[in-house]
Amino acid sequence: MRPTGPLHLGNLHGALANWKNMQDDYECFFFIADWHALTTDYDATEPIKANIHAVFLDWLSVGLSPEKCTLFVQSHQKEHAELFLLLSMITPLPWLERNPTYKEQMDQLKTRDLTTFGFLGYPVLQAADIIIYKANGVPVGIDQAPHVELTREIARRFNHFYGDVFPIPDTILTETSKVLGLDRRKMSKSYENAIFLSDSPDEIRQKVAQMITDPQRARKADPGNPDICNVFSFHKLYSAEETPPRIDSECRKAQIGCVECKKLMAESLVEALAPIREKRSYYETRPEMVTEIMQTGNEHANRVARETMKDVREAVGI
Ligand code: SF4
């Protein structure tokens, strides 16, 4: 995960909830990809350190456990850079040029100069990040699947030249988040439409009050359509089981107004996020504990990465 700032409900439902389940069944490595942040924001590095801390706190708050998985920071593992260099030698340029995200971001991020070697080559760094832990699988949403495919191709090519060092990692497809932002666009920090895991109860209430509901419903007397209402999607996720069917019926008969409906939902959301807030305040008051967890994770990741690099150097013959 890139350290782009505090995490929001979209991150929770798109990745973190799934990671939390996976840590019980798999040996997991989760890292903060600070080098990757440089591929697009190389001229704005100032917030990266604070963002690493914010993301790490969010991880611990949602229940990623240093007892169960390895949590670490990419730039503390110099071996990723060494493997990236070696993989760069064998990765054909057209594989990178046809990467759909590369073309898409070049089109979308017009304000930045992305004609850099680092930006073109970031899928190679991703491949190094993954295979250095001899990963068997990578949990990603459908939009990231082409990157894992590229990693698989690069790992196969390495094995073809130098012998079977790396397992070929599977794509573990995870459901994309159904949670939309306040304005019904994808929830994103850059759209300023996000509810953050670190928001206070009052911030949550204020944000929910701004949420766009069924756009066809102008007055309370008009029947609404919960099927197209973002507030209703939140009710389904966060409110007690009996609430969504009741809202569904009352909304369609214009028996409940959107203001009241949002207030109800905001309280459900505030309550559902309470355990996350509690954990966060626990860790916030113990910064030395957070640093220690990060260090332990970094050291464990480093032991594994160093072992892999011994195999890699031997295989390549340097
Ligand atoms: S009453 Fe609730 S579900 Fe119906 S449109 Fe308003 S906010 Fe949405």
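Above this text is the structure in question.
Calculation criteria
Residues numbered from 1 in each chain as written. Predicted model: local features only at pLDDT ≥ 70, side-chain atom pairs only at ≥ 80, totals over all residues. Heavy atoms only, no water. Core = buried A, V, L, I, M, F, W, Y, C linked by side-chain atoms within 4.5 Å. Buried < 20%, exposed > 50% of the residue type's maximum accessible area, 1.4 Å probe, protein only. Helix = DSSP H or I, 4+ residues; strand = E, 2+ residues; numbered from the N terminus. Contact = heavy atoms within 4.5 Å. Pairing = 2+ DSSP bridges. Right-handed = clockwise from strand over helix to strand, strands pointing away. Polar contact = N/O pair within 3.5 Å; in protein donor to acceptor, adjacent residues only side chain to side chain. Phe/Tyr/Trp six-rings, centres within 6.5 Å; stacked < 30°, edge-to-face > 60°.

### Notes on the nonpolar core
Alright, step 1. Residues Leu9, Leu16, Phe56, Trp59, Phe234 and Leu269 are the most contacted members of the largest nonpolar core, which totals 52 residues.
Alright, step 2. No other element matches the eight residues that helix α3 (residues 48–62) contributes to this core.
Alright, step 3. For leucine 16, the contacting residues outside a window of four places in its chain are Met1, Leu7, Asn11, Trp59, Val62, Leu64 and Leu197.
Alright, step 4. Core analysis: the next-biggest nonpolar cluster, separate from the first, contains 37 residues, Tyr122, Ile131, Val138 and Met309 among them.

### Observations regarding the pairing of strand β4 (residues 170–173)
Alright, step 1. One ladder, built from four bridges, connects strand β3 (residues 137–140) with β4; its direction is parallel. Counterpart to glycine 137 in the pairing with β4 is aspartate 170.
Alright, step 2. Of the crossover connections in this fold, the one passing from β3 over helix α9 (residues 145–162) to the parallel β4 is right-handed.

### Comments concerning the environment of aspartate 202
Alright, step 1. Its location among the elements puts aspartate 202 in helix α10 (residues 201–209).
Alright, step 2. Taking the relative accessible area as the measure of exposure, aspartate 202 reaches 48% and is therefore partly exposed.
Alright, step 3. Taking the C-alpha atoms as reference, aspartate 202 lies 27 Å from glycine 224; in sequence the two are 22 residues apart.
Alright, step 4. One polar contact links aspartate 202 to arginine 205, side chain to side chain, over a distance of 2.9 Å.

### Some details on the packing of aromatic side chains
Alright, step 1. Throughout the structure, instances matching the rule amount to 13 aromatic pairs.
Alright, step 2. Aromatic side chains phenylalanine 56 and tryptophan 59 sit 6.0 Å apart centroid to centroid with 35° between the ring planes, which places their arrangement in the tilted category. Placement of both phenylalanine 56 and tryptophan 59 in helix α3 is noted, with a separation of three residues, approximately one turn of the helix.
Alright, step 3. With a relative accessible area of 0%, phenylalanine 56 lands in the buried category.

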